[in-house]
Amino acid sequence: MREIENQPWPRACLQVYTGNGKGKTTAALGLALRAAGRGLKVFIGQFMKGTYYGELTGVDLQGDLIHIEQFGSAHCIPLRDPPHQEDINLADAGMKRSLEVLTSGEYPIVILDEISVAVHFQLISESDMLDLLDARPSHVELICTGRYATPSLIDRADLVTEMRVVKHPYDAIGLGARDGIER
Ligand code: ATP
Ligand code: MG
């Protein structure tokens, strides 16, 4: 493993953004923007996402410090059905890629967006997620987002924020996801 030179912090953390309120992915993207402003490279892997989000090209507007890849397909996954093999395969490939990136020494910050949802939908086993957490080098900041963070993820994290819905326009007026705001 190639070590990152000039470690930016005394210690790197495992961060978790979870809960039902809006802002988990947005918080992670904001962190990436801030880090880029400090010249830090950030990798963002998005589980269960395969459609276009503004961040896919938005990150390129600030240079080449933030790299983003999607590990999902374009279709929705209904929770009531057993997971499709295609979705399991994509998530599995995402886990392999995440391990590679995490241990590459290239990125001091790695964001695994919606990884908790992928575990909840049984695309990834909880033990595979925990193995990935165990593989995190102590100098890499890892940010895991998604509803339904498991107790074992929360237990291992240094920082956990639970987004709680106070109001959401979807509930009040049925306002769906808007380009540039939610996607
Ligand atoms: P964002 O990507 O906007 O930061 P998020 O990551 O916190 O949101 P997810 O749980 O990933 O939210 O939800 C996916 C979609 O559902 C997003 O479009 C998000 O804005 C929307 N959403 C989030 N919270 C709620 C809510 N309480 N009611 C309805 N829709 C929501
Ligand atoms: Mg999200």
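The structure we're discussing is the one just above.
Nothing here was measured: the structure is a model prediction, and the numbers come from that model.

(A) Representation of the site of ligand 1 in the model. Around ligand 1, a shell composed of 13 residues is seen, among which Lys22, Lys24, Thr26, Arg147 and Glu182 lie nearest. Within the contact set of ligand 1, a nitrogen atom lies 3.3 Å away from a backbone nitrogen or oxygen of Asn20. Within the contact set of ligand 1, a nitrogen atom lies 3.5 Å away from a side-chain nitrogen or oxygen of His168. Relative to its free-state accessible area of 580 Å², ligand 1 is covered by the protein chains to the extent of 79%. Here the element with the most residues in the shell around ligand 1 is helix H1 (residues 24-37); it accounts for three residues. The residue makeup of the shell around ligand 1, split by class, is two nonpolar, six polar and five charged.

(B) Geometry of the environment of Tyr170. Topologically, Tyr170 is positioned in helix H7 (residues 169-173). With a relative accessible area of 54%, Tyr170 lands in the exposed category. Residues in contact with Tyr170, not counting those within four places in the same chain, are Leu175 and Gly176.

(C) Inspection of the coordination of the magnesium ion (ligand 2) at higher detail. Binding of the magnesium ion (ligand 2) to the protein goes through Thr25 (OG1) and Glu114 (OE), at separations of 2.0 to 2.1 Å. With Thr25 in helix H1 and Glu114 in the loop between strand E4 (109-113) and helix H4 (115-120), this pair connects stretches of sequence that are 89 residues apart. Residue classification places Thr25 among the buried positions, given a relative accessible area of 16%. Relative accessible area serves as the criterion here: at 15%, Glu114 is assigned to the buried category.

(D) Broad picture of the packing of aromatic side chains. Enumeration over the complete set of coordinates arrives at two aromatic pairs. Ring geometry for Phe47 against Phe71: centres 5.0 Å apart, planes inclined by 65 degrees, an arrangement best described as edge-to-face. Of this pair, Phe47 sits in strand E2 (residues 42-47) while Phe71 sits in strand E3 (residues 66-71), and the two are 24 residues apart along the sequence. The same class applies to Phe47 and to Phe71, which are both buried. The residue whose ring lies beneath Lys49 is Tyr53, and the NZ or CZ to ring-centre distance is 4.7 Å.

(E) Highlighting the pairing of strand E5 (residues 141-145). Counted residue by residue, E5 has five buried out of five residues, so it is predominantly covered. Side chains of E5 alternate between two faces, with Glu141, Ile143 and Thr145 and Leu142 and Cys144 buried alike. Bridging between strand E1 (residues 14-19) and E5 involves four bridges; their strand directions are parallel. Among the inter-strand pairings, Val16 is bridged to a residue of E5, identified as Cys144. As judged from the four bridges shared by E4 and E5, these two strands associate in the parallel manner. Counterpart to Leu112 in the pairing with E5 is Cys144.

Calculation criteria
- Residues numbered from 1 in each chain as written.
- Chains lettered and ligands numbered in written order.
- Predicted model: local features only at pLDDT ≥ 70, side-chain atom pairs only at ≥ 80, totals over all residues.
- Heavy atoms only, no water.
- Near = heavy atom within 4 Å.
- Polar contact = N/O pair within 3.5 Å; in protein donor to acceptor, adjacent residues only side chain to side chain.
- Areas by Shrake-Rupley, 256 points an atom, 1.4 Å probe, with all protein chains shown as cover.
- Helix = DSSP H or I, 4+ residues; strand = E, 2+ residues; numbered from the N terminus.
- Nonpolar A, V, L, I, M, F, W, Y, C, P; charged D, E, K, R; others polar.
- Buried < 20%, exposed > 50% of the residue type's maximum accessible area, 1.4 Å probe, protein only.
- Contact = heavy atoms within 4.5 Å.
- Donors = N, O, S within 2.8 Å, 3.2 Å for Na, K, Ca; no water.
- Phe/Tyr/Trp six-rings, centres within 6.5 Å; stacked < 30°, edge-to-face > 60°.
- Lys NZ or Arg CZ within 6 Å of the ring centre and 35° of its normal.
- Pairing = 2+ DSSP bridges.

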